[in-house]
Each structure stands twice: as structure tokens, then as C-alpha cells.
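Topology and contacts: notes
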Amino acid sequence: MNTLRVSTLLALTLLLTGCLSPIAMHRAVIEYDRTVSYVEADLLLLNIARARYHRPVHFTAVSSVAATFDFRTSAGISGGFGRAVDPDHRPLNLEYSASVAENPTITIVPITGEEFTKRVLRPLDEDKVDFLVRQGYDINMVLRLMARGIAINEAGGPMVLFNQPSQGEGYREFRRRLLHLAGLDTARQLFVGPILFEESQTVRTNRPPNPDEVVAALEKGFRWESDSEGMVYTVRRKAVGRLLIANYDPARLSNEERRALHEQAQHAPTDSVLVDIRPGHPGGEYPLQGSILLRSMNAIIGFVARSIEEEPEMMVPPDPRTTVVVRNPARTLEIEESVSKPDDYEFSVPFDGRHYSIRKYPVSQGMVPSWNQEAFAVLSNLFQMTVTDLTKYPTPAITIAK
């Protein structure tokens with residue numbers, strides 16, 4: 001019986017020593033990941049609260065988390081091994097103890113200087129619109145957050161519809177335009193993607209290209225074509241152009257038409273998206289030729305902050321020419337300001353004596369269930385998509401050791 005107890009103790013010691021390490025590490029990785037994700041979400045919410053009172057925004061990034069674990073186990077046997085009256089009942093005490101000590105070190109870097117300018121102040125580019133729409137996010141939601149307005153090409157020059165409730169009818173028309181695009185997208189009649197076309201350059205020469213020239217051109221994506229006499233050679237290459245939102249497939253256009261669209265988009269900076277809703281195609285009875293103008297992260301945060309009270313958004317019904325019904329809440333992102341923390345919040349932060357929260361189930365009139373969570377996810381993804389290598393910027397880091 002004593003031999004059995006000793007063997008059991010040794011087996012238990014080996015088993016627990018091997019299991020403690022992976023169990024502790026698994027829990028640590030999950031908890032650190034959960035904590036960092038909540039920190040980033042709360043920072044976004046906190047900066048919305050700051051912008052609510054026109055305070056400067058400030059972000060801090062967690063650049064590294066280092067944790068060391070000290071696993072200790074001990075086992076012992078106490079009692080007598082001498083002769084006893086009853087050999088099967090010798091007094092033995094089996095002792096076992098295990099402990100885990102965790103020592104985390106977290107390094108955070110304030111986002112300042114050039115990094116702050118790139119991530120927060122610089123307008124977002126068209127690639128981020130393309131990426132989010134391809135991920136399946138509602139184009140109406142994405143553009144209500146990202147767009148500061150739509151510049152519509154008219155005979156007398158561009159007219160801008162600003163995404164700003166104080167603009168009255170201009171704001172309502174902006175919303176109707178987005179609802180029309182969203183309706184076409186829901187009906188799978190909207191093209192969102194880069195313009196693909198072919199670049200060409202004609203070269204007149206009295207000799208054909210040598211093999212090395214041909215190989216070098218092929219490696220760069222070019223190909224050679226010659227006329228019947230072998231005196232004029234054309235170098236061609238496929239090109240990926242600017243982003244286009246349209247109610248037709250540009251692949252059905254000629255190469256020259258696609259080049260013209262790309263060149264039209266090139267006249268605007270990359271923080272704008274070319275829109276071409278043409279008559280004669282689905283949704284063309286409500287045409288739109290122009291560009292969507294994009295905001296910076298700072299401007300998006302300010303827009304959401306002003307909508308809390310200073311400049312609240314309103315319900316805007318779709319244009320009668322928009323036949324497909326889509327989600328259309330009054331507010332792009334509802335942030336609740338309250339004296340006390342609500343019970344059913346998703347995220348909540350205190351600021352200046354009040355709580356700023358995102359409810360799990362919004363209560364505003366016209367708010368669509370889950371829209372708020374999706375819109376906040378889009379905002380968080382936009383911030384993550386501006387991440388750069390923090391080690392490139394000599395910003396003083398803050399290290400916190402437990």
C-alpha cells in the first residue's frame with residue numbers, strides 16, 4: 001500500500017509539473033489579447049468623449065507585452081519507514097504543492113509627431129474603402145463614417161454635398177445618394193474595384209529588339225508587338241488604376257474608355273473615390289458623376305462626437321428612385337452620454353463626470369440592431385489599418401512592470 005502511494009505521488013508530480021506551464025500560458029495569451037483589444041476600443045471611445053468637448057485627441061499604442069512565468073512544484077513524504085505493528089498501515093503523509101508566479105512587462109508608446117499625423121490627421125485613402133467593402137461591410141455604413149462629402153460634377157463646376165447635418169438639404173441629399181449606392185450594392189448591381197486597363201507605348205525602330213530586351217520587358221510585365229513590316233513595335237502592359245464605384249462593369253468598356261476613367265480619377269488625390277452612376281444602367285435614373293471625399297480619423301471621431309448632442313443626425317428617407325430597401329438608422333454611430341454607467345453596454349468609459357457608452361441594444365428611434373456594433377468595428381478597423389512600425393519613430397516609450 002505504501003509503495004502504491006509513493007508511486008501515485010511521483011506520477012502526480014510529473015503530471016502537474018508538465019500541465020501547469022501550458023495551461024498558464026494559454027490563459028495568459030487569451031487574457032492579454034482580450035485586454036489589449038478592450039484597451040484599444042476604450043481609447044477610441046475615450047477620444048470620442050474628448051472630442052465631444054473639443055478637447056485634443058490622444059492615442060497610445062501597446063507596442064509589446066512580455067511576461068515571464070515562474071512554475072514551482074514540490075513534493076515530499078513524511079512519516080516512519082520503520083517496523084510497525086501493522087505493516088499495511090505505516091504512518092505516511094504525502095505532501096504536494098504547486099505555484100505559478102507571473103511578471104508581465106507592458107510597453108506603451110504615445111502616438112505623436114509624424115506617426116500622429118499619418119495615423120490620425122491625414123485623410124484616409126481609397127484603398128481602405130475598397131478593403132472594407134470587400135470584407136462585406138455595408139457601403140452605406142462605411143461611407144457615412146469615412147466620407148466628408150460628395151463632389152458632383154455639374155456644368156457650372158463641382159457641387160459638394162457635405163456629410164454634415166447642419167448643412168440641411170445638402171446633408172439630406174448626401175444621405176439619399178449613399179442609400180442609392182447601398183441599394184444597388186444590395187441588388188448586386190454596383191461595381192466597386194480598381195480600374196483595369198492596358199498601357200501601351202509605340203517605338204519606331206529599324207531593328208527588332210534583341211532577346212535580352214525582350215526578356216527584360218517580360219520580367220517587368222511588358223510584352224512586345226510589331227507591325228507587319230517589323231519597323232514599328234508596341235510595348236504593352238496591364239495596369240491597375242484608381243478605385244471606381246459604378247453601376248456597370250468597366251470590363252465591358254473599351255481600353256481607351258477605361259484609361260479615360262483612370263485619368264479622370266488621377267486628377268483628384270487618393271483621398272477621393274471616383275463615382276460614375278450612368279443612365280441606361282441599373283439605378284441610372286438617379287445618375288451621379290463625381291467623387292466621394294474622404295475624412296481623416298480625427299475628422300471621423302469629431303463627426304461622431306458632435307452627433308451626440310451638438311449636431312445630431314436625423315432620419316433621411318431614400319429618394320423615390322431608390323427601389324431597394326436597405327438599413328438606414330438615423331445615427332451613424334450612437335454614443336450614449338449618461339451620468340451613470342448603463343447595464344447593457346458593450347463598451348463604456350468615464351470622462352469628465354459622465355459615462356460614454358455603446359449599448360448592446362441601441363434604443364434610439366430608427367437604430368437597427370447590431371448596426372452600432374458593426375459601425376464601431378468599422379471605426380476600429382480603420383484605426384488598425386493606419387498602423388505603422390512604431391519602432392521607426394523615436395517616441396519615448398512607457399514601460400509598466402507588475
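Residues numbered from 1 in each chain as written. Predicted model: local features only at pLDDT ≥ 70, side-chain atom pairs only at ≥ 80, totals over all residues. Heavy atoms only, no water.

**Details of the environment of Gly241**
- Mapping Gly241 onto the fold places it in strand E7 (residues 232-246).
- In sequence terms Gly241 and Glu263 are 22 residues apart; their C-alpha atoms lie 8.7 Å from each other.
- Sequence-distant contacts of Gly241, that is, excluding residues within four places in its chain, are made with Pro194, Ile195, Phe197 and His262. (Helix = DSSP H or I, 4+ residues; strand = E, 2+ residues; numbered from the N terminus. Contact = heavy atoms within 4.5 Å.)

**Some words on empty space enclosed by the protein**
- On inspection of all chains with the given rule, the structure shows one cavity of 30 Å³ or more.
- Quantified by volume, the largest cavity comes out at close to 30 Å³.
- Lining the largest cavity are Arg177, His180, Leu181, Ile277, Tyr286 and Leu288.
- Among the elements that take part in the lining of the largest cavity, helix H5 (residues 169-186) stands out by supplying three residues, more than any other.
- Classifying every residue of the lining of the largest cavity gives four nonpolar, one polar and one charged. (1 Å grid on protein atoms, 1.4 Å probe; cavity = no way out; pocket = protein on both sides within 12 Å on 5 of 7 lines; lining within 4 Å. Points joined across faces, edges and corners; volume = space filled by probe spheres on them. Nonpolar A, V, L, I, M, F, W, Y, C, P; charged D, E, K, R; others polar.)

**Observations regarding the side chain of Asn247**
- Here Asn247 lies in the loop between E7 and helix H7 (255-266).
- Taking the relative accessible area as the measure of exposure, Asn247 reaches 2% and is therefore buried.
- Within the structure, Asn247 has its side chain in polar contact with the backbone oxygen of Arg278 (distance 2.9 Å).
- A distance of 3.0 Å separates a polar side-chain atom of Asn247 from the backbone oxygen of Pro282. (Buried < 20%, exposed > 50% of the residue type's maximum accessible area, 1.4 Å probe, protein only. Polar contact = N/O pair within 3.5 Å; in protein donor to acceptor, adjacent residues only side chain to side chain.)

**Considerations on the sheet that holds strand E11 (residues 345-351)**
- Pairing is antiparallel in the open sheet, where three strands are placed in the order E10-E12-E11. For this open sheet the edge positions go to strand E10 (336-338) and E11, each flanked by a neighbour on one side alone. Neighbouring strand axes in the sheet, compared pairwise and without regard to direction, differ in orientation by 25 degrees on average.
- Pairing between E11 and strand E12 (residues 354-359): six bridges, direction antiparallel. The residue of E12 that forms the bridge with Phe347 is Ile358. (Pairing = 2+ DSSP bridges. Axes fitted to C-alpha atoms, helices over the stretch in contact; angles between N-to-C directions.)

**Concerning the packing of aromatic side chains**
- Counting across every chain of the model gives three aromatic pairs.
- Ring centres of Tyr53 and Phe351 lie 6.4 Å apart, and the angle between their planes is 35 degrees; on these two criteria the pair is classed as tilted. Placement of Tyr53 in the loop between helix H1 (2-52) and strand E1 (60-79) and of Phe351 in strand E11 is noted, with a sequence separation of 298 residues between them.
- For Tyr53, a relative accessible area of 28% corresponds to the partly exposed category.
- Measuring from ring centre to ring centre gives 5.3 Å for Phe347 and Phe376, while their planes differ by 40 degrees; the resulting arrangement is tilted. With a gap of 29 residues between them, Phe347 in strand E11 and Phe376 in helix H9 (residues 371-384) connect regions that are remote in the sequence.
- Residue classification places Phe376 among the buried residues on the basis of a relative accessible area of 4%.
- Just above the ring of Tyr53 sits the side chain of Arg52; from NZ or CZ to the centre is 4.8 Å.
- Here the guanidinium or amino end of Arg295 rests over the ring plane of Phe303, the centre of that ring lying 4.1 Å away. (Phe/Tyr/Trp six-rings, centres within 6.5 Å; stacked < 30°, edge-to-face > 60°. Lys NZ or Arg CZ within 6 Å of the ring centre and 35° of its normal.)

**Digging into the confidence of the model for the protein**
- For the protein, mean pLDDT is 79; residues scoring 70 or higher make up 65% of the total.
- Here strand E13 (residues 398-401) stands out as the least confident element of the protein, with mean pLDDT 53; H5 is the most confident, with 97. (pLDDT = per-residue confidence, 0-100.)

**Points about the pairing of strand E4 (residues 159-162)**
- Pairing geometry for strand E3 (residues 147-152) and E4, over four bridges, is antiparallel. Pairing of Ile152 across the sheet is with Met159, part of E4.
- Connecting the antiparallel pair E3 and E4 is a turn made up of six residues, with Gly157 showing a positive phi of about 120 degrees.

**Describing the pattern of salt bridges**
- Enumeration according to the criterion identifies 17 salt bridges in this entry.
- A salt bridge links Glu337 to Arg52; its shortest N-O distance comes to 3.3 Å. One end of the pair, Glu337, is in strand E10; the other, Arg52, is in helix H1, with 285 residues separating them in the sequence.
- Residue class for Arg52 comes out buried when judged on its relative accessible area of 11%.
- For Arg306, the salt bridge goes to Glu311, with nearest N and O atoms at 3.5 Å. (Salt bridge = Lys/Arg side-chain N within 4 Å of Asp/Glu carboxyl O.)

**A word on the environment of Ile150**
- In this fold, Ile150 is placed in strand E3.
- Taking the C-alpha atoms as reference, Ile150 lies 5.7 Å from Ser291; in sequence the two are 141 residues apart.
- When near neighbours in sequence (up to four residues on either side) are disregarded, Ile150 contacts Met159, Val160, Leu161, Phe174, Arg177, Leu178, Leu288, Ser291 and Ile292.

**Here's the deal with helix H8 (residues 297-306)**
- In terms of residue burial, H8 counts as a mostly covered element, since seven of its 10 residues are buried.
- Listing the buried residues of H8 in full gives Met297, Ile300, Ile301, Gly302, Phe303, Val304 and Ala305.

**Focus: the packing of helix H3 (residues 126-134) against helix H4 (residues 139-146)**
- Viewed as axis vectors pointing N to C, H3 and H4 meet at an angle of 150 degrees, and their least axial separation amounts to 10 Å. Judged on the interaxial angle alone, H4 and H3 are roughly antiparallel. Viewed along their axes, H3 and H4 form a crossing whose handedness is right-handed. Here H3 contributes Lys128, Val129, Leu132 and Val133 to the contact with H4, which in turn contributes Ile139, Val142, Leu143 and Met146.
- By residue class, the composition of the contact of H3 with H4 is seven nonpolar, no polar and one charged. (Parallel < 35°, antiparallel > 145°, perpendicular 65-115°, else oblique. Left-handed = near helix turned anticlockwise from the far one by under 90°.)

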